[in-house]
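In case you want the letters, here they are:
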Amino acid sequence: MPKCLSRIRGKKLNNHSTYCYLAIIVLAAILTVGFPVPTFSGGSAQEKNLRSLPQGQISRIAFGSCAKQWHYQLIWNTVIAAQPDLFLFLGDAIYADTDGKTAWSVTEKTLQGEWNRLADKPEFKKARAAIPMMAIWDNHDYGTHNGGVEFPLKEASKRIFLDFFGEPADSERRSTPGIYDAKIFGPSGQRVQIVMLDTRYFKDRYKKNPTPKAERLKAGKVGGYLPDSDPKKTLLGDRQWRWLEQQLKKPSEVRLIASSIQIISNQKGMDEWGNFPHERDRLLDLIDRCKSDNVILLSGNVHFGEISSIQKSSREIYEVTSS
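Residues numbered from 1 in each chain as written. Predicted model: local features only at pLDDT ≥ 70, side-chain atom pairs only at ≥ 80, totals over all residues. Heavy atoms only, no water.

Undergrad: Help me understand helix H8 (residues 238–248) in this model?
TA: One turn of an α-helix holds 3.6 residues; hence residues three or four places apart share an orientation. Every buried residue belonging to H8 is among Gln240, Trp241, Trp243, Leu244, Gln247 and Leu248, and all of these are buried. For H8, the buried positions fall inside an angular range of 165° around the axis, keeping them on one side. The outward face of H8, more than 90 degrees from its buried face, is lined by the exposed residues Asp238, Arg242 and Gln246. Those residues of H8 that are buried are in contact with strand S8 (181–185), strand S9 (192–196), strand S12 (254–259) and helix H9 (277–289). (Buried < 20%, exposed > 50% of the residue type's maximum accessible area, 1.4 Å probe, protein only. Helix = DSSP H or I, 4+ residues; strand = E, 2+ residues; numbered from the N terminus. Arc of directions from axis to C-beta. Contact = heavy atoms within 4.5 Å.)

What follows is the structure, given as structure tokens:
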């Protein structure tokens, strides 16, 4: 059973039996892993003024999700002031299919237009020039609400997404299905592995909860989905699962596994790993079987912050959500 930490930043939280909410108004959570600050390879003068990924050791990582491109984004000033060595965008960098009230179907043109809108924001321009970024998508920057494998524009969305974040034209990521990615920073003894999962491109449809919304809310189910035990349904897809197992066998001193949706916390009926319990169990079992110590799960999506943990064999696995 997942549980939440009772303290964060020295402030005591309400300790619910299964999970807790932490209301936050910041986009990024800062994770310090205790290594010396790196020397960067220098900012790129190409590809939309993107900062190059760090070379060598890293000590501070910022991460977050869910940024509405039609609002001022002054939070980037706070992120820059924290001087992270790397920023991980965990999805919904834009909202391409909704204004928060009404949902619509996107076209390739409108999807590109919303990414252009983010690129033109002065606050974001400043951040992307100052901080190296790695990114995965969630539903709204993918282009369809809680969508997955069925999305007809997924190839166009992938191309636009990778273009926006400056993925090299000859990158293997361009030629393989999905946008999952992994990097290891630092020398032996100080290695930090970042694993970025794609929870959209291969995802099968969720099972809808027929219970009326008012009744769901009374039961604490803020989302509209039920766990689906169909073993044929997948979140990551066979190819990504094989890739992930290979990644978790690589040596590293700290391993961060990033998912756009929550993994451990699975009681809310939202867009989460708990909708496919067999996939969630498979991930936790894989982490345990690969003896991946010093693993921290990172997630976004839900528009609040949360720290959860779950006991697996002899190790406790933690997840930090920043959204």
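Next comes the rest of the account.
Undergrad: Even after reading the chapter, I still don't get the packing of aromatic side chains, so can you show me in this structure?
TA: Given two aromatic rings, one states the distance between the centres and the angle between the planes to describe the pair. Taken as a whole and assessed by the stated rule, the structure comprises 21 aromatic pairs. Between Phe164 and Phe165, the aromatic rings sit 5.0 Å apart at their centres with planes inclined by 80°, giving edge-to-face as the arrangement. By the burial criterion, Phe164 is buried, and Phe165 matches it. Between the aromatic rings of Tyr206 and Phe276, the centroid separation amounts to 5.5 Å while the plane-to-plane angle is 50°, which identifies the pairing as tilted. Taken together, the residues Tyr206 in the loop between S9 and strand S10 (207–208) and Phe276 in the loop between S12 and H9 connect sequence positions 70 residues apart. (Phe/Tyr/Trp six-rings, centres within 6.5 Å; stacked < 30°, edge-to-face > 60°.)

Undergrad: What should I look at first to understand the nonpolar core in this one?
TA: The nonpolar side chains of soluble globular proteins are, as a tendency, buried together. Residues Leu88, Phe89, Trp115, Phe165, Ile194, Leu244 and Trp273 are the most contacted members of the largest nonpolar core, which totals 75 residues. Here this core gets five residues from one element, more than from any other, and that element is strand S6 (residues 86–90). Once residues lying within four places of it in the same chain are set aside, the contact partners of Leu88 are Ile61, Ala62, Phe63, Gly64, Met134, Ile194, Met196 and Leu298. (Core = buried A, V, L, I, M, F, W, Y, C linked by side-chain atoms within 4.5 Å.)

Undergrad: I would appreciate a short explanation of the side chain of Ser299 in the present structure.
TA: Mapped onto the elements of the fold, Ser299 is located in strand S13 (residues 295–299). Classification of Ser299 by relative accessible area gives buried; the value is 0%. At 2.7 Å, the side chain of Ser299 forms a polar contact with the side chain of Thr321. What Ser299 contacts, discounting residues up to four positions off in sequence, is Leu90, Ser259, Ile261, Gln262, Glu319, Val320, Thr321 and Ser322. (Polar contact = N/O pair within 3.5 Å; in protein donor to acceptor, adjacent residues only side chain to side chain.)

Undergrad: Teacher, can you tell me more about the packing of H8 against H9 here?
TA: Axis angle and axis distance: for two packed helices, these are the angle between their axes and the distance between the axes, and together they describe the pair. Remark: H8 packs on H9, axes separated minimally by 10 Å, with the N-to-C direction vectors making an angle of 25°. By the criterion of interaxial angle, the relationship of H8 to H9 is roughly parallel. Crossing of H8 over H9 shows right-handed handedness. Within the contact between the two elements, H8 uses Trp241, Leu244, Glu245 and Leu248 and H9 uses Glu279, Arg282, Leu283, Leu286, Ile287 and Arg289. Per-class residue counts for the contact of H8 with H9 are six nonpolar, no polar and four charged. (Axes fitted to C-alpha atoms, helices over the stretch in contact; angles between N-to-C directions. Parallel < 35°, antiparallel > 145°, perpendicular 65-115°, else oblique. Left-handed = near helix turned anticlockwise from the far one by under 90°. Nonpolar A, V, L, I, M, F, W, Y, C, P; charged D, E, K, R; others polar.)

Undergrad: Help me understand the pattern of salt bridges, please; the structure alone is not making it clear to me.
TA: For the structure on display, the rule yields 14 salt bridges. Glu167 is the salt-bridge partner of Arg173, the closest N and O atoms lying 3.1 Å from each other. For Arg173, a relative accessible area of 9% gives the class buried. Where salt bridges share partners, they join Glu167, Arg173, Asp181 and Lys183 into one cluster. (Salt bridge = Lys/Arg side-chain N within 4 Å of Asp/Glu carboxyl O.)

Undergrad: Help me out: how do you make sense of unusual backbone geometry in this one?
TA: Phi is mostly negative for residues that are not glycine, and the peptide bonds are mostly trans. Within the chain, Cys66 stands out as a residue other than glycine whose phi angle is a positive 70°. Tracing the backbone shows Cys66 in the loop between strand S5 (60–64) and helix H1 (75–81). Non-glycine residue Asp92 carries a positive phi angle of around 55°. Tracing the backbone shows Asp92 in the loop between S6 and helix H2 (108–119). According to the relative accessible area criterion, Asp92 is buried, its value standing at 1%.

Undergrad: I would appreciate a short explanation of the pairing of strand S7 (residues 133–136) in the present structure.
TA: Consecutive side chains along a regular strand alternate between the two faces of the sheet. What you see with S7 is no split at all: Met133 and Ala135 on one side and Met134 and Ile136 on the other are buried throughout. Of the strand pairs in this sheet, S6 and S7 are connected by four bridges, and their pairing is parallel. Paired with Phe87 across the two strands is Met133, which belongs to S7. (Pairing = 2+ DSSP bridges.)

The quantities given are spatial measurements derived from coordinates; they are silent on function.
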